[in-house]
Amino acid sequence: MGPVRVIAVTGLKGGVGKTSTAVNLAALAASEGWRVILWDLDPQGAATYCLNLKQKLKGGASKLFRGTRDGLAGVARTTDVDNLAVVPADSSVREVDKVLWASTKPTKLVRRLIAGVDKDADVVIIDCPPGLSPVVEAVANVADLLLVPVVPEPLPFRALARYEEFLTDTKAASPKIVAPFLSMVDRNLPMHRRIEAEVLTSGRFLNAAIPTSSAVARMGEEQVPAVLGAPRSLAASEYRKLWAEAMERAGL
Ligand SMILES: Nc1ncnc2c1ncn2[C@@H]1O[C@H](COP(=O)(O)OP(=O)(O)O)[C@@H](O)[C@H]1O
Ligand SMILES: [Mg+2]
């Protein structure tokens, strides 16, 4: 077994399906028998909520990052899904940007936390907050793969370009580990159909394209990943395709 792999779901934009993707990929990975930690790094705590856990990070985020606690293992919670543990988020997670900002080696703080679970996990899936903040930069630095959901409309493509510039400018990560994929695709919309066709022939995106789906939207109500609650939905089948592509890119 190799070192723990780090897959982050990230990008400049909010509301594009990052959290839904992180939760579903984590559930798929765990159901295949990988030992998974889903690390919720968004103070909104939506990933935590979607897995039916309390939005409470024991001891708070500042202490966790300053290394004065037992690391990720000490705060991870088990879930209803075998092999899937979650490092939950509460509002203290917004302090992470301040802690990293004040640190001379912000990446090291994140790397050390992940290294601490090297023996207990095969993959850490990180649900990032939107934006170009210190936490997003540090995560990009430690990740093996950066999954970026893109809604097939013009503005999200500009946001993707901006995110890639940010990685280059900050030297956080090579653009080679950025894996964009289409998210919230509505094939009733001519624009979505046209852009989807363009993107898939360009070869720059992963092949999976997550459709707009009531099974995914319901996760906020049922608190069960769509891939488990509605495994026969089109969204679930595209998440499986996405997970297969992500594993290959991340070297799992
Ligand atoms: N494929 C999808 N189909 C339908 N609704 C979706 C889909 N993906 C996300 N959503 C909904 O859109 C909103 C934002 O999704 P979320 O995954 O939280 O995005 P982000 O983490 O990028 O902010 C949520 O209400 C979620 O339920
Ligand atoms: Mg989110």
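Refer to the structure printed above.
This is a predicted model, so every value here is computed, not measured. (Residues numbered from 1 in each chain as written. Chains lettered and ligands numbered in written order. Predicted model: local features only at pLDDT ≥ 70, side-chain atom pairs only at ≥ 80, totals over all residues. Heavy atoms only, no water.)

A.B. asks: Just checking my understanding: could you explain the nonpolar core for this structure?
C.D. replies: Within soluble globular proteins, side chains that are nonpolar generally end up buried alongside one another. W39, F65, I126, L146 and L167 are the most contacted members of the largest nonpolar core, which has 52 residues in total. In terms of residue count, the dominant contributor to this core is helix α7 (residues 134-142) (6 residues). When neighbours within four sequence positions are excluded, L146 is seen to be in contact with A8, T10, A140, Y163, L167, A173, I177, V178 and A179. Core analysis: the next-biggest nonpolar cluster, separate from the first, contains 43 residues, I210, A236, W243 and A250 among them. (Core = buried A, V, L, I, M, F, W, Y, C linked by side-chain atoms within 4.5 Å. Buried < 20%, exposed > 50% of the residue type's maximum accessible area, 1.4 Å probe, protein only. Helix = DSSP H or I, 4+ residues; strand = E, 2+ residues; numbered from the N terminus. Contact = heavy atoms within 4.5 Å.)

A.B. asks: Is there a simple way to think about the site of ligand 1 in this case?
C.D. replies: Inspection of the region around ligand 1 gives 14 residues, with G15, K18, T19, S20 and S213 positioned closest. A distance of 2.8 Å separates an oxygen atom of ligand 1 from a polar atom in the side chain of K18. Relative to its free-state accessible area of 550 Å², ligand 1 is covered by the protein chains to the extent of 75%. Of all the elements in the fold, those that place two or more residues in the shell around ligand 1 are α1 (18-31), β8 (209-211) and α10 (214-217). Sorting elements by how many residues they give to the shell around ligand 1 places α1 first, with 3 residues. Partitioned by chemical class, the residues of the shell around ligand 1 number 6 nonpolar, 7 polar and 1 charged. (Near = heavy atom within 4 Å. Polar contact = N/O pair within 3.5 Å; in protein donor to acceptor, adjacent residues only side chain to side chain. Areas by Shrake-Rupley, 256 points an atom, 1.4 Å probe, with all protein chains shown as cover. Nonpolar A, V, L, I, M, F, W, Y, C, P; charged D, E, K, R; others polar.)

A.B. asks: Just to check I follow, could you spell out helix α13 (residues 234-250) for this structure?
C.D. replies: The end-to-end C-alpha separation of α13 is 24 Å, in line with the 24 Å expected for 17 residues at 1.5 Å each. When we look at burial in α13, the residues that qualify are A235, A236, E238, Y239, L242, W243, E245, A246, M247 and A250. Phi for G251, located one or two positions after α13, is positive at around 75 degrees. (Expected span 1.5 Å × (residues − 1).)

The values reported here are purely geometric and, on their own, carry no functional implication.
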